[in-house]
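Secondary and tertiary structure notes
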Amino acid sequence: TMYHDNVNSILPYYEKIARKFDGTKNKHAISEDVIHFLAGGAPKKVPKQMQIIIAGAPASGKGTQCELIVEKFGVVHISTGDALRAQVKAGTELGKKADECMKAGALVPDELIIDIVKDRLSQEDCATKGWLLDGFPRTGAQAEALKSAG
């Protein structure tokens, strides 16, 4: 499926720090596993502020886990869809370009999504609280850009 192809293209960028969780468990058991990992089972080299990426197939419970992670750790939840809509609503140059694509029924190109996410990550709340990316990266190009950005 398209989801698995995309995930397989981003995993090599994070293989040393990625952690897979059993999505067949109930949401509370998954949440306990995730929180345990983030609280103490994460790799030794953890940034001062948490930087979390959540990936999963559509309707796999990512939204539920995001809510629980935000509640427990106070990180900023960044959904690419929300970030896109915020840029469009604010009338920024990035938002205008994204709006043109969406109105034309086209996918928003990787470069534009990358710029929108990088812009959001540069904001003060992300720098002070850490962040949780939901829906990004979805492609190898996005993963490479995120890794290159630090």
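Rules used throughout
Residues numbered from 1 in each chain as written. Predicted model: local features only at pLDDT ≥ 70, side-chain atom pairs only at ≥ 80, totals over all residues. Heavy atoms only, no water. Helix = DSSP H or I, 4+ residues; strand = E, 2+ residues; numbered from the N terminus. Buried < 20%, exposed > 50% of the residue type's maximum accessible area, 1.4 Å probe, protein only. Contact = heavy atoms within 4.5 Å. Areas by Shrake-Rupley, 256 points an atom, 1.4 Å probe, with all protein chains shown as cover. Axes fitted to C-alpha atoms, helices over the stretch in contact; angles between N-to-C directions. Parallel < 35°, antiparallel > 145°, perpendicular 65-115°, else oblique. Pairing = 2+ DSSP bridges. Salt bridge = Lys/Arg side-chain N within 4 Å of Asp/Glu carboxyl O.

Moving on to the overall build of the chain. Within the chain, the regular secondary structure consists of 8 helices and 3 strands. Within the chain, the proportion of its 150 residues that are buried is 35%. Sequence-distant contacts in the chain: of pairs separated by 6 or more residues, those separated by 24 or more amount to 66%. About 9,500 Å² of surface is accessible on the chain, with carbon and sulfur atoms providing 53% of the total.

A separate point is the packing of helix α4 (residues 80–90) against helix α5 (residues 93–103). Two packed helices can be described by the angle between their axes and the distance between those axes. Here α4 crosses α5 at 110°, and the two axes come no closer than 7 Å. It follows from the interaxial angle that α4 and α5 lie roughly perpendicular. On α5, the residues that touch Leu 84, Gln 87 and Val 88 of α4 are Leu 94, Gly 95, Ala 98, Asp 99 and Met 102.

Because side chains alternate across strand β3 (residues 131–134), one face comprises the buried residues Trp 131 and Leu 133, and the other comprises Leu 132 and Asp 134, equally buried. With 4 bridges connecting them, strand β1 (residues 51–54) and β3 associate as parallel partners. Bridge pairing in β3 places Ile 53 opposite Leu 133. Pairing between strand β2 (residues 76–79) and β3: 4 bridges, direction parallel. Its bridge partner lying in β3, Val 76 is registered against Trp 131.

Moving on, we come to the pattern of salt bridges. All told, the structure shown has 5 salt bridges when counted by the stated rule. For the salt bridge of Glu 93 with Lys 96, the shortest nitrogen-to-oxygen distance reads 3.6 Å. With a gap of 3 residues between them, Glu 93 and Lys 96 both fall in helix α5, about one helical turn apart. Looking at Glu 93, the relative accessible area reads 53%, which means it is exposed.

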